Amino acid sequence: EHRPLWVKQLFNSFSAFFIHHFLKPKFSSFGKHVMILNPQHLKIFGENISIGDYATLICSSNKKIDISTWQTDKLNGSISLGNYILISPGTSIRSAERIDIGDSTMIASDVVITDSDWHGIYDRTDYVATPKPVKIHKNVWIGERSIILKGTQIGENSIIGAGSVVHGDIPPNSVYAGNPAKEVKKLDEGSFVTREELFNDSSTYLQDLNIIEENMLGNNSFFGWIKSMFWPKK
């Protein structure tokens, strides 16, 4: 990161403006303190999309986040994203009926979550294809490049290993992985520390992010930033 701190802060102000005026109106409900990194690379399509408080979405130019619902004469999709969730670059969430993602759930990069097949097996013109709701409970962790198929329910605190294909009911406090995903181990039903803890009154998480940013960018110069774009070092 070669930008001076004041340039980064200026970019942050533009991002906040973009989120408030262009993205927020596309949601049926938009929580407080939602953090969207590179918001110009967030694709929101359709109606009935809500997001909770302190949600974090990380987008990038080569890995956009795609959150889409479909409304037709046969479809009325909806997506509910809970409080304190984390969604990483390249994730796609598409609904023809209903997808609920619980509080503090963490979704790694390139994950696909869908509640429909989007085409019939025998009738390929059938764009309804019997959708079934997807329910992801609180504090679930979904590994990179996993695929969550229609009719899936993932229990609280469970982990889905990277590259898994998931269908059906996953019990709480479990680790599942593979294609198709199968149980790897049980988790202790003790006290889990969730992402919610990062945002409580005693947490210094947000302040720490600001301190890290100041330390990383504080000595950067405007000329050095311009030079890094046109004459980057090997």
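Scroll up a little and you will see the structure.
In this text the structure is predicted, and so the values were computed from the model without any measurement. (Residues numbered from 1 in each chain as written. Predicted model: local features only at pLDDT ≥ 70, side-chain atom pairs only at ≥ 80, totals over all residues. Heavy atoms only, no water.)

S.K.: How should I be thinking about the environment of Ile58 in this particular structure?
M.R.: Counting through the fold element by element, Ile58 comes out in strand S5 (residues 56-58). Taking the C-alpha atoms as reference points, Ile58 and Glu144, 86 residues apart in sequence, are found 14 Å from one another. With near-sequence residues (within four places) excluded, Ile58 lies in contact with Leu37, Ile65, Leu86, Ile87, Ser88 and Pro89. (Helix = DSSP H or I, 4+ residues; strand = E, 2+ residues; numbered from the N terminus. Contact = heavy atoms within 4.5 Å.)

S.K.: Got a minute to help me understand the pattern of salt bridges in this structure?
M.R.: If charged atoms from side chains of opposite charge come close, those side chains can pair. Scanning the entire structure with this criterion turns up nine salt bridges. Across the salt bridge formed by Arg94 and Asp66, the nearest N and O atoms sit 2.7 Å from each other. Within this pair, whereas Arg94 is found in strand S9 (residues 92-95), its partner Asp66 is found in strand S6 (residues 65-69), the two being separated by 28 residues in sequence. Exposure remark for Asp66: the relative accessible area of 9% places this residue in the buried category. Counted as one network, the salt bridges with shared partners bring together Lys43, Asp66 and Arg94. (Salt bridge = Lys/Arg side-chain N within 4 Å of Asp/Glu carboxyl O. Buried < 20%, exposed > 50% of the residue type's maximum accessible area, 1.4 Å probe, protein only.)

S.K.: What's the story with the packing of helix H1 (residues 5-23) against helix H2 (residues 205-217) in this structure? I'm lost.
M.R.: Helix-helix packing is described using two parameters, namely the angle between the two axes and the distance between the axes. Remark: H1 packs on H2, axes separated minimally by 9 Å, with the N-to-C direction vectors making an angle of 135 degrees. The angle between the axes of H1 and H2 places the two elements in the oblique class. Side by side, H1 and H2 meet where Leu5, Lys8 and Asn12 of the first sit next to Glu213, Glu214 and Leu217 of the second. Of the residues belonging to the contact of H1 with H2, the class tally is two nonpolar, one polar and three charged. (Axes fitted to C-alpha atoms, helices over the stretch in contact; angles between N-to-C directions. Parallel < 35°, antiparallel > 145°, perpendicular 65-115°, else oblique. Nonpolar A, V, L, I, M, F, W, Y, C, P; charged D, E, K, R; others polar.)

S.K.: Please clarify how a nonpolar patch on the surface should be interpreted in this entry.
M.R.: Nonpolar side chains collect at one region of the surface, where Trp6, Leu10, Phe14 and Phe222 lie side by side and expose about 460 Å² of accessible area between them. For the nonpolar patch, the element with the most residues is H1, which contributes three residues. Secondary-structure assignment places Phe14 in helix H1. (Patch = residues over 30% accessible without salt bridge, like charges linked within 9 Å, V, L, I, M, F, W, Y side chains within 5 Å. Areas by Shrake-Rupley, 256 points an atom, 1.4 Å probe, with all protein chains shown as cover.)

S.K.: Would you explain the sheet that holds strand S19 (residues 169-170) in this entry?
M.R.: Sheets are built from strands that pair by backbone hydrogen bonding, the pairs being arranged parallel or antiparallel. Read across the open sheet, the seven strands follow the order S1-S4-S7-S10-S13-S16-S19; overall the sheet is parallel. Only two strands of the sheet have a single neighbouring strand rather than two, namely strand S1 (29-30) and S19. Two strands pair when backbone bridges link them, and S1 and strand S4 (residues 49-51) are joined in this way by two bridges, in the parallel orientation. Following the sheet pairing, Phe30 is matched in S4 by Ile51. (Pairing = 2+ DSSP bridges.)

S.K.: Sorry, what's going on with H1 here?
M.R.: The α-helix advances 3.6 residues per turn, and as a result positions three or four apart in sequence lie on the same side. In a regular helix each residue adds 1.5 Å, so 19 residues correspond to 27 Å; H1 covers 25 Å between its end C-alpha atoms and thus fits that length. Looking at the buried side of H1, the elements it contacts are S1, strand S2 (35-37), strand S3 (42-45), H2 and helix H3 (222-230). (Expected span 1.5 Å × (residues − 1).)

S.K.: Hey, could you run me through the nonpolar core in this one?
M.R.: In globular proteins that are soluble, nonpolar side chains generally tend to be buried together. Counting 35 residues, the largest nonpolar core has Leu42, Leu57, Ile67, Leu81, Ile113 and Ile142 as the members making the most contacts within it. Of all the elements in the fold, those that place two or more residues in this core are H1, S3, S4, S6, strand S7 (79-81), strand S10 (99-101) and strand S13 (134-136). In this view, Leu81 contacts Ser50, Ile51, Gly52, Ile67, Ile87, Ile93 and Ile101; residues no more than four positions away in its chain are not counted. (Core = buried A, V, L, I, M, F, W, Y, C linked by side-chain atoms within 4.5 Å.)

S.K.: Looking at this structure, how should I read the environment of Ile211?
M.R.: Mapped onto the secondary structure, Ile211 falls in helix H2. Judged by its relative accessible area of 45%, Ile211 is partly exposed. The spatial distance from the C-alpha of Ile211 to the C-alpha of Gln153 is 39 Å, given a sequence separation of 58 residues.

S.K.: I'm lost on unusual backbone geometry in this one. Help?
M.R.: Glycine aside, residues mostly have negative phi angles, and peptide bonds mostly take the trans form. Here the residue pair Asn179 and Pro180 is connected by a cis peptide bond, since its omega of -5 degrees sits within 30 degrees of zero. Relative to the elements of secondary structure, Pro180 occurs in the loop between strand S20 (174-177) and strand S21 (182-186). Residue Asn157 is not a glycine yet carries a positive backbone phi of 75 degrees. Tracing the backbone through its elements, the reader meets Asn157 in the loop between strand S16 (153-154) and strand S17 (159-160). Taking relative accessible area as the criterion, Asn157 reaches 13% and is therefore assigned buried. We note that Asn173 has phi near 55 degrees; this positive angle belongs to a residue other than glycine.

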